[in-house]
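# What the coordinates show
Each chain, letter by letter, is given below.
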Amino acid sequence: MSGFIFLSDNETEPECIKRLLFGTTEKGYVDSRFQEIKPADVLFLYNYDSNTLRGPFRALTYCERNIEPDAWKDFHHQGFPYQARVS
């Protein structure tokens, strides 16, 4: 079992929690080794605006492209296409 930290801000955190979905960009996916996430891994959500860490969460899925393609589109033009479902 591994642990991973996803980043959010005050705008994106509510959507992460509402959807129980964490996401990242393609660069974040590669640079942060999120491609190694597998079900049952421990995930955290760090809000860098409020300096708060939420978790632990458990990954329900691998980090995959576009589990929910419309997630975060209101906040970021490209969204966060690499996503992991959490509980």
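Notes on the structure in this doc start here. (Residues numbered from 1 in each chain as written. Predicted model: local features only at pLDDT ≥ 70, side-chain atom pairs only at ≥ 80, totals over all residues. Heavy atoms only, no water.)

## Comments concerning the sheet that holds strand 4 (residues 52-58)
Ordered in space as 1-3-4, the three strands form an open sheet in which the pairing is mixed. The open sheet is flanked by strand 1 (3-8) and strand 4, the only strands paired with a single partner. Between one strand and the next, the sheet's axes are offset by a mean angle of 25°, whatever the strand orientation. Relative to strand 4, strand 3 (residues 42-47) runs antiparallel, the two being bridged by five bridges. Note that in strand 4 the partner of Leu-43 across the bridge is Phe-57. (Pairing = 2+ DSSP bridges. Helix = DSSP H or I, 4+ residues; strand = E, 2+ residues; numbered from the N terminus. Axes fitted to C-alpha atoms, helices over the stretch in contact; angles between N-to-C directions.)

## Observations regarding the pattern of salt bridges
Charged atoms that come close allow side chains of opposite charge to pair. The tally for this structure, following the rule as stated, stands at eight salt bridges. Across the pair Arg-19 and Glu-15 runs a salt bridge whose closest N-O atoms are separated by 2.7 Å. In this pair, Arg-19 and Glu-15 both sit in helix 1 (residues 13-19), four residues apart, roughly one turn of the helix. Judged by its relative accessible area of 13%, Glu-15 falls in the buried class. Here Glu-68 makes a salt bridge to Arg-85, at a shortest N to O gap of 2.8 Å. Note that Glu-68 is positioned in the loop between strand 5 (64-65) and strand 6 (82-85) and Arg-85 in strand 6, a separation of 17 residues in sequence. Since its relative accessible area comes to 17%, Glu-68 is described here as buried. A single salt-bridge network, built from bridges that share partners, covers Glu-15, Arg-19, Glu-68, Asp-70 and Arg-85. (Salt bridge = Lys/Arg side-chain N within 4 Å of Asp/Glu carboxyl O. Buried < 20%, exposed > 50% of the residue type's maximum accessible area, 1.4 Å probe, protein only.)

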